[in-house]
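Per-entry structural report
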Amino acid sequence: MNHKNKKTMKLSGEKNLYSRILIFLFSVFLFFPILQNFLARFFGGFKYSLNFSRNSIVFFVVAVIFIYLKRESLENIATKILGRGFFKKKHLIQGLFFFNVSIFFVVINFFIKTSLKLSYNDFFLGIIFLDFLTYLLFAVFYSFFIFGEKFINSFFKEFMNSLIVIFFFSFIFFNLSFIFDSLWRKLSYFVSITAHFFLRLFTDETYTYMSSGVPIISFKEFYVVVGQTCSGTESSLLFILIFFIFCIFNSEQLSEFLERKKTGNIILLALFFIIGFVLTFMVNALRVILIMIIGQKNPAFASTLFHENIGWILTIIFYLIFFYLLDRFINKNMKNKKIIKNKL
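First, a word on what this report is: a plain description of the structure on this page. (Residues numbered from 1 in each chain as written. Predicted model: local features only at pLDDT ≥ 70, side-chain atom pairs only at ≥ 80, totals over all residues. Heavy atoms only, no water.)

Re the overall build of the chain
Check the secondary structure of the chain and you find 13 helices and three strands. Within the chain, residue pairs in contact and separated by at least 24 positions form 77% of the contacts whose partners lie at least 6 positions apart. About 20,100 Å² of surface is accessible on the chain, with carbon and sulfur atoms providing 68% of the total. (Helix = DSSP H or I, 4+ residues; strand = E, 2+ residues; numbered from the N terminus. Contact = heavy atoms within 4.5 Å. Areas by Shrake-Rupley, 256 points an atom, 1.4 Å probe, with all protein chains shown as cover.)

A word on the side chain of T194
Structurally, the position occupied by T194 is in helix α8 (residues 184-199). Using a relative accessible area of 10% as the deciding quantity, one classes T194 as buried. For T194, the contacting residues outside a window of four places in its chain are M282 and A285. (Buried < 20%, exposed > 50% of the residue type's maximum accessible area, 1.4 Å probe, protein only.)

Some remarks on the environment of T280
Inspection of the secondary structure assignment puts T280 in helix α11 (residues 262-297). For the pair formed by T280 and S236, sequence separation is 44 residues and the distance between their alpha carbons is 6.0 Å. Ignoring anything within four residues of it in the chain, the contact list for T280 reads S235, S236, F239, F318 and Y319.

Details of α8
Every α-helix carries 3.6 residues per turn, so stepping three or four residues along brings you back to the same face. In this model α8 runs 22 Å from its N-terminal to its C-terminal C-alpha over 16 residues, within 8% of the 22 Å that 1.5 Å per residue would give. Every buried residue belonging to α8 is among W184, L187, S188, V191, S192, T194, A195 and L199, and all of these are buried. On an axial view of α8, the arc spanned by its buried residues comes to 165 degrees, and they lie on one face. Of the exposed residues in α8, those oriented more than 90 degrees away from the buried face are K186 and F197. (Expected span 1.5 Å × (residues − 1). Arc of directions from axis to C-beta.)

Some thoughts on the packing of aromatic side chains
Counted under the stated rule, the structure contains 41 aromatic pairs. Judged by centre distance (6.5 Å) and plane angle (35 degrees), the rings of F239 and Y319 are tilted. Placement of the pair is F239 in helix α9 (residues 233-249) and Y319 in helix α13 (residues 305-343), with a sequence separation of 80 residues. When the centroid spacing of 5.5 Å and the interplanar angle of 40 degrees are considered together, the rings of F246 and F323 count as tilted. (Phe/Tyr/Trp six-rings, centres within 6.5 Å; stacked < 30°, edge-to-face > 60°.)

So, the environment of A302
Counting through the fold element by element, A302 comes out in helix α12 (residues 299-303). With residues up to four places along the chain from it excluded, the contact list for A302 reads F222, I291, I294, G295 and H307.

With respect to the sheet that holds strand β3 (residues 222-225)
Strand order in the open sheet formed by three strands is β1-β2-β3, with antiparallel pairing between adjacent strands. Because the sheet does not close on itself, it has two edges, and the strands there are β1 (206-211) and β3. In this sheet, adjacent strand axes meet at a mean angle of 20 degrees when their direction is disregarded. Set on the sheet, α8 makes contact with β1 and β2 (214-219); between it and β2 the angle comes to about 15 degrees. (Pairing = 2+ DSSP bridges. Axes fitted to C-alpha atoms, helices over the stretch in contact; angles between N-to-C directions.)

Re the nonpolar core
By size, the foremost hydrophobic cluster in this structure holds 82 residues, and its most contacted members are Y319, F323 and L326. For Y319, the residues in contact, after removing those within four places along its chain, are I57, V61, S235, L238, F239, I242 and T280. (Core = buried A, V, L, I, M, F, W, Y, C linked by side-chain atoms within 4.5 Å.)

Written out as structure tokens, the structure reads:
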């Protein structure tokens with residue numbers, strides 16, 4: 001195969017790969033959750049919300065970071081396996097099998113979300129696990145349908161060790177979440193005074209007071225209770241977890257980065273972590289501010305659909321921007337060091 005054909009095959013494989021990735025991410029993290037929400041609200045009579053859980057946010061952000069950092073390895077696999085075309089006729093039956101199995105698990109997941117959570121409160125933790133497990137199985141089988149068995153097998157062969165480590169530490173972090181949950185009242189107060197400070201820039205009719213140890217912000221005629229879900233405990237926990245996962249994914253570059261100027265670069269990395277950790281609470285305060293501002297115009301919308309979804313939208317945007325900038329900083333620092341070394 002000549003150079004031109006190799007280049008054409010590589011471009012076709014990459015285009016095919018990223019098309020499938022977009023379809024997979026859109027389906028798993030947006031289309032099917034919205035569909036479940038629609039069916040639950042309009043046909044089942046349940047007040048089930050699209051509001052993303054910590055699992056959804058972690059997996060989406062980690063997936064995007066993983067794809068960005070490991071894009072070269074993924075492109076190499078795609079060039080060898082995917083090639084041209086999206087679905088091949090010889091794999092049609094196999095693809096339909098994986099699709100049907102994935103739909104089976106997403107239907108079971110919908111049943112768990114709408115029925116079991118409302119009926120069996122004594123088994124709440126078990127139901128949460130089943131909710132997570134069935135949707136994970138849906139995502140796994142759906143990935144076989146979208147990418148094909150050969151690609152997924154090569155993917156697991158290449159990245160199995162990293163995936164095992166990530167799942168192990170994710171399990172530990174989520175089981176230690178009670179440590180952060182116990183601090184929610186203090187963190188709610190921090191979020192409330194931050195939101196209060198910026199809301200005062202709009203009007204003097206902004207007040208913050210405590211009720212049963214929980215801060216309440218009043219903005220003109222609209223008020224919100226800054227409870228546990230608004231305290232930032234969950235987003236701070238997710239930031240720590242995703243920062244750790246980022247370091248695992250980027251371990252080779254990070255090791256080289258730290259070795260070049262060990263003490264100074266460790267301090268810089270620690271500074272990035274501290275800044276990011278503080279910014280998670282600022283993002284949460286921004287969420288409260290936006291709810292208050294929208295609440296002046298449309299209280300019903302601000303306290304329902306907007307309140308349910310603005311949190312995960314802002315959190316995902318912040319995480320993606322932060323870790324993209326951190327990766328660019330590490331790469332830029334390493335390039336500058338190489339330039340200086342070459343000049344010497």
